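Structural overview for review
The residues making up each chain are set out below.
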Amino acid sequence: MNEQDFAVGASGLTKTFTLEWTRKKLLALDGLDMQVRRGEVFGLLGPNGSGKSTTMKLILGLIRPTSGMIKVFGEPSGSLASRRQLGFLPENPYFPGFLSAREVLNYYGKLVDLCGKQLRERVEELIELVGLPLAADRALKTYSKGMLQRIGLAQALLHDPDLLLLDEPTAGVDPIGSRQIRDLILALKKRGKTIIFSSHLLEQVQEVSDRVIILHRGKKMQEGTLDELLSVQGQSQFTVSGLTPELQEKVAALLKSEGAELVNVSHPKQKLEDYFIRSVSK
Ligand SMILES: Nc1ncnc2c1ncn2[C@@H]1O[C@H](COP(=O)(O)OP(=O)(O)O)[C@@H](O)[C@H]1O
Ligand SMILES: [Mg+2]
């Protein structure tokens, strides 16, 4: 694969912060190698302080690495060519509460050089995309956290970037709001966007990510598809309806005679979140 096939290519990426008062050094990111392919939804997972936001800021070029290399679509991070292709939803986006969503998007649209009819159409399209047409003229101080995150997402999409960086997009958002944000991520992937998002809420990552990296204290602990990381090797699962105790015994005996073993019989569980969403949407 060639450099341009990767949305992000980082090798040996390291960031040390010098603490202001004590002059102590803090190693926030330690030799990270990371390749994100075009069109992928990529999850950066890890507890608080593991280096997720630092990685995002390095991709954006908001901070420079202490050592190592990082490129965005083959361009050095921080260069104009790389920034044009990037959209960013920060961890705690701030918008003036007295403005409406439509006003905020118009303002940010002008900052990325949109104007006139093009600006108006883009703003309407994004309000529609993030599912807020009914609330678009309300002051943002009346918005829930989930709605604010969706406006933050619309803001990040104004200049139609190819790569989106979403820092903890579902933190502090209730289950229904989180589900809406995840559906949006999948809709954007369908449109060919590459998405890198971070989360310390591990459950929420499963449904959307193609691949993940698990960070801990600035070091990469694991990398791969969730299938690779989560499937228990050497065991398989059947789902059966109409299993009687007698049939179960026969199956166990058959398996035994073939040198296999019935390890566990249980009822499939629905996820608590699905159960919750089904219950409240009744
Ligand atoms: N500007 C900074 N100055 C000093 N330390 C920082 C700075 N930014 C981040 N850190 C430290 O770097 C580590 C990684 O932080 P961060 O990337 O924000 O973690 P995460 O986003 O995974 O919670 C933390 O220990 C954090 O305190
Ligand atoms: Mg963070």
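Scroll up for the structure.
So, a few notes on the structure that sits alongside this text.

Cut-offs used in this document
- Throughout, a residue's number is its position along its own chain's written sequence, starting from 1.
- Written order decides the labels, with chains lettered from A and ligands numbered from 1.
- Where totals are concerned, whole chains, interfaces and linings use all residues; where local detail is concerned, this predicted model gives features only for residues with pLDDT of at least 70, and gives and counts side-chain atom pairs only at 80 or more.
- Working definition: helices are DSSP H or I runs of at least four residues, strands are E runs of at least two. Numbering for both runs from the N terminus.
- Helices are assigned an expected span. That span is 1.5 Å times one less than the residue count.
- With C-beta atoms placed from the backbone, the exposure class of a residue follows from how many other C-beta atoms lie within 10 Å of its own: 20 or more, buried; 12 or fewer, exposed; in between, partly exposed.
- Here contacts are defined at the residue level, using C-beta atoms placed from the backbone and a cut-off of 7 Å between them.
- In this analysis a residue is considered near a molecule or strand if the C-beta atom, reconstructed from its backbone, is found within 6 Å of that molecule or strand.
- Whether two strands pair depends on DSSP finding at least two bridges between them.

Comments concerning helix α5 (residues 145-157)
When the terminal C-alpha atoms of α5 are compared, their 19 Å separation across 13 residues agrees well with the 18 Å that a helix rising 1.5 Å per residue should span. The element α5 is largely enclosed, with a buried count of eleven among its 13 residues. For α5, the set of buried residues is M147, L148, Q149, R150, I151, G152, L153, A154, Q155, A156 and L157. Where α5 is buried, its residues meet β6 (86-89), α3 (101-111), α4 (116-129), β7 (163-167) and α6 (175-190).

A word on the site of ligand 1
The full set of residues close to ligand 1 is F17, L19, L26, A28, G46, N48, G49, S50, G51, K52, S53 and T54. Contributing elements (two or more residues each) for the shell around ligand 1: β2 (25-37) and α1 (52-60). Counting residues per element, the shell around ligand 1 draws most heavily on α1, at three residues.

Describing unusual backbone geometry
A positive phi angle is found at R23, which is not glycine, with a value near 60°. Looking at the secondary structure, you find R23 in the loop between β1 (6-18) and β2. Of the residues examined, R23 has 7 C-beta atoms within 10 Å and is grouped as exposed. Although it is not a glycine, R217 sits at a positive phi angle of roughly 50°. Mapped onto the elements, R217 comes out in the loop between β9 (211-216) and β10 (219-225).

Quick notes on the sheet that holds β1
The strand order across the open sheet formed by four strands is β2-β1-β4-β5, and the pairing between neighbours is antiparallel. Of all strands in the sheet, those bounded by a partner on one side alone are β2 and β5 (75-76). Summarising the sheet, β1 and β2 pair through nine bridges and their orientation is antiparallel. If you follow T18 over to β2, its bridge partner there is K25.

Details of the environment of L157
For L157, the position within the fold is in helix α5. For L157, a count of 22 C-beta atoms within 10 Å corresponds to the buried category. In the structure, L157 is positioned 31 residues away from L188 in sequence and 9.8 Å away in space, judged by C-alpha atoms. Once residues within four sequence positions are removed from consideration, L157 is found in contact with G87 and L126.

Some remarks on α1
Counting buried positions along α1 gives eight out of nine residues, so the element sits mostly inside the fold. The complete set of buried residues in α1 reads K52, T54, T55, M56, K57, L58, I59 and L60. One or two steps after α1, the chain reaches G61, where phi turns positive at roughly 80°.

Quick look at the pairing of β9
The sheet contact formed by strand β3 (residues 41-45) and β9 spans four bridges and is parallel. Paired with L44 across the two strands is I213, which belongs to β9. Here β9 pairs with β10 via six bridges, running antiparallel. Note on β10: the bridge partner recorded for H216 is K219. Linking β9 to β10, which pair antiparallel, is a turn of two residues; within it R217 sits at a positive phi near 50°.

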